[in-house]
Every structure is written in C-alpha cells, then in structure tokens.
Amino acid sequence: MRRNSHRRATLVDAAIEVLAEQGARGLTFRAVDAAAEVPPGTASNYFASRDELLGHIAARVYERIRPDEESIARQLVGEQDRDHLVTVMRAAVRRISEFRSGYLALLELRLEATRRPEIRAVLTRDVRKDIDDNVSAHQASDFPGDATSVRLLHLALNWLIVERLTLPDVFSEEEAEELIGDAVERLT
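Scoring rules and cut-offs
Residues numbered from 1 in each chain as written. Predicted model: local features only at pLDDT ≥ 70, side-chain atom pairs only at ≥ 80, totals over all residues. Heavy atoms only, no water. Helix = DSSP H or I, 4+ residues; strand = E, 2+ residues; numbered from the N terminus. Contact = heavy atoms within 4.5 Å. Areas by Shrake-Rupley, 256 points an atom, 1.4 Å probe, with all protein chains shown as cover. Core = buried A, V, L, I, M, F, W, Y, C linked by side-chain atoms within 4.5 Å. Buried < 20%, exposed > 50% of the residue type's maximum accessible area, 1.4 Å probe, protein only. pLDDT = per-residue confidence, 0-100. Expected span 1.5 Å × (residues − 1). Bend = angle between axes of the 7 residues up to and from the residue. Polar contact = N/O pair within 3.5 Å; in protein donor to acceptor, adjacent residues only side chain to side chain. Salt bridge = Lys/Arg side-chain N within 4 Å of Asp/Glu carboxyl O. Phe/Tyr/Trp six-rings, centres within 6.5 Å; stacked < 30°, edge-to-face > 60°. Lys NZ or Arg CZ within 6 Å of the ring centre and 35° of its normal. Axes fitted to C-alpha atoms, helices over the stretch in contact; angles between N-to-C directions. Parallel < 35°, antiparallel > 145°, perpendicular 65-115°, else oblique. Left-handed = near helix turned anticlockwise from the far one by under 90°. Nonpolar A, V, L, I, M, F, W, Y, C, P; charged D, E, K, R; others polar. Patch = residues over 30% accessible without salt bridge, like charges linked within 9 Å, V, L, I, M, F, W, Y side chains within 5 Å. Lys, Arg positive; Asp, Glu negative; His and termini not counted. Charge placed at Lys NZ, Arg CZ, Asp CG, Glu CD.

A.B. asks: So what about the overall build of the protein chain? Which residues, and what values?
C.D. replies: Summing up its helical and strand segments, the protein chain has ten helices and zero strands in all. Starting at the N terminus and ending at the C terminus, the protein chain contains elements arranged as α-α-α-α-α-α-α-α-α-α. In terms of overall dimensions, the protein chain has C-alpha extents of about 55 × 35 × 30 Å along its principal axes. Contacts spanning at least 24 positions in sequence make up 67% of the contacts within the protein chain whose residues lie at least 6 apart. Looking at the protein chain as shown, the accessible area adds up to about 10,700 Å², and 52% of this sits on carbon and sulfur atoms.

Pasting the structure below:
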C-alpha cells in the first residue's frame, strides 16, 4: 500500500463526499478516484479493501469534527455557568452541522455498522472515546451538570443535528437555537 499521507487524506476526504452524496452503494474506488480527481486505480493503491477505506472515513470524520485546542481553550474562558454552556453547545452543533458531508457520511457508516461488525467496532471505539472525552472535559470544568447530563446532551443534540441536516424545515434555525438552550437548561 502507498504511504503518501497527503494523497491518502485527499482520497479519504473525497470518499467522505462520495459516501454523503451517493450512500454506501455508491462508494467505489472508481467513484473516489473521480471525486479526488486522481488517475483511476489510485484509491486501490492506498486501501486494501473497501472496508479499510470505510474505517479511515470514520476516523477522518471524527478528526475533522473535533474542535482544535485553541477553540477548547476559548470555551474555558469566563464563567462556567449554564449560559456559557449553552453558547458552547450551540457552537458545537454549528461546527458539526457545517461539516454536512462528514456527518451524513457518519450516518451512512452507522447504517453499514448494523451489517458489518468490523465497522461497528471502529465506530463504537470512536464514538465511545468522543463521549468519554466530553464527559472528562466537562467534569474538569466548572460547568453545571454531571456525566449523565453530558451523555443526554450528546444524544439530544446529535438528533437535532440529524433533523437540521436531513429535514431542515422541521425546526427553523431559531427553533434549533432555542432547543439547544432548553436542553442545556433541563439537563443540567
């Protein structure tokens, strides 16, 4: 397998777009090559199988969704009260929603995980780590709420993101912002 990390990242990013646009059935090496604008056969030189590519997609989506260290540091400035937590949660929903193709690709991977144990294992590991990291960060801060609050916010806000990305007319932007505030208020 080839090792050029920049080319590999380009192929995985293209695969995210293909998966989001065409679903799991449309994710072929040929489609990834076309989306990445590379010669035919390139993706198959970097990934031994479609399953390997799917695993890389999951890891890359989480890599791109996570806030950078500077953003995390900014979140910890100021009073760690409910109002500030609402601001942080709204920013998280916005950041994740802005990577629409990544989140939709993640939904496609979740569906594949129901049929493919190896993908389920990768997603379980990554989602569990994300939740555990969020719980740890929350507990290290002075934000209100406990570990259960964080888990419930994770569940509620993830479904809000699904609604906003797949059926954007169910809740307006204003309603979504209000729901985030209500979720934080009620769960913490």
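Back to the write-up after that little detour.
A.B. asks: Outline the nonpolar core, listing residues and values.
C.D. replies: Residues L27, I57 and L109 are the most contacted members of the largest nonpolar core, which totals 55 residues. Apart from residues no more than four positions distant in its own chain, L27 is found in contact with A15, V18, L19, V32, R50, L53, L54 and I57.

A.B. asks: Report on the confidence of the model for the protein chain, specifying residues and quantitative values.
C.D. replies: Mean pLDDT over the protein chain stands at 94; residues scoring 70 or higher make up 99%. Here helix α5 (residues 69-75) stands out as the element of the protein chain with the lowest mean pLDDT, 86, in contrast to helix α2 (residues 29-36), whose mean of 98 is the highest.

A.B. asks: Report on helix α1 (residues 5-26), specifying residues and quantitative values.
C.D. replies: Its 22 residues place the ends of α1 only 24 Å apart at the C-alpha level, less than the 32 Å of an ideal helix rising 1.5 Å per residue. A bend of about 85° at A20 is the largest found in α1. Along α1, the positions that sit buried rather than exposed are R8, L11, V12, D13, A14, A15, I16, V18, L19, G23, A24 and G26. Check the buried side of α1 and you find it contacts α2, α3 (42-46), α4 (50-65) and α7 (100-113). Sitting at the amino-terminal end of α1 is N4, which places a side-chain oxygen 3.0 Å from the backbone nitrogen of H6.

A.B. asks: Break down the pattern of salt bridges for me, citing the residues and quoting the values.
C.D. replies: Within the structure shown, the criterion is met by 15 salt bridges. Here D126 and R125 are joined by a salt bridge, their closest N and O atoms 3.1 Å apart. Accessibility expressed as a relative area gives 9% for D126, which makes it buried. A single network of salt bridges, built from pairs that share partners, joins D51, E112, R115, R116 and E118.

A.B. asks: Tell me about the environment of E163, and name the residues and values.
C.D. replies: As for its placement among the helices and strands, E163 is situated in helix α9 (residues 147-166). E163 sits in the buried class, given a relative accessible area of 15%. Each C-alpha atom of the pair E163 and A176 lies 9.5 Å from the other, and the pair is 13 residues apart in sequence. In contact with E163, other than residues within four places in its own chain, are P168, V170 and F171.

A.B. asks: Can you explain the packing of aromatic side chains? Please cite residues and give values.
C.D. replies: With the rule as written, the count across this model stands at zero aromatic pairs. Lying across the ring of F47, R8 places its NZ or CZ 5.0 Å from the centre.

A.B. asks: Just give me the short version of the packing of α4 against α7, but keep the residues and values in it.
C.D. replies: Two numbers describe how α4 lies on α7: the axes approach to 10 Å, and their chain directions differ by 135°. Here α4 is positioned oblique relative to α7, judged by the angle of their axes. Once α4 is placed against α7, the crossing between them reads as left-handed. On the side of α4, the interface is formed by R50, L54, I57, A58, V61 and Y62, while α7 contributes G102, L106, L109, R110 and E112. Taken together, the residues that form the contact of α4 with α7 break down as seven nonpolar, one polar and three charged.

A.B. asks: Quick one: what's the story with a negative patch on the surface, residue by residue and with numbers?
C.D. replies: Together, D83, E174, E175, E178, D182 and E185 line one region of the surface with negative charge. Considering each element in turn, the negative patch owes the most residues, five residues, to helix α10 (residues 173-187). Locating E178 in the fold gives a position in helix α10.

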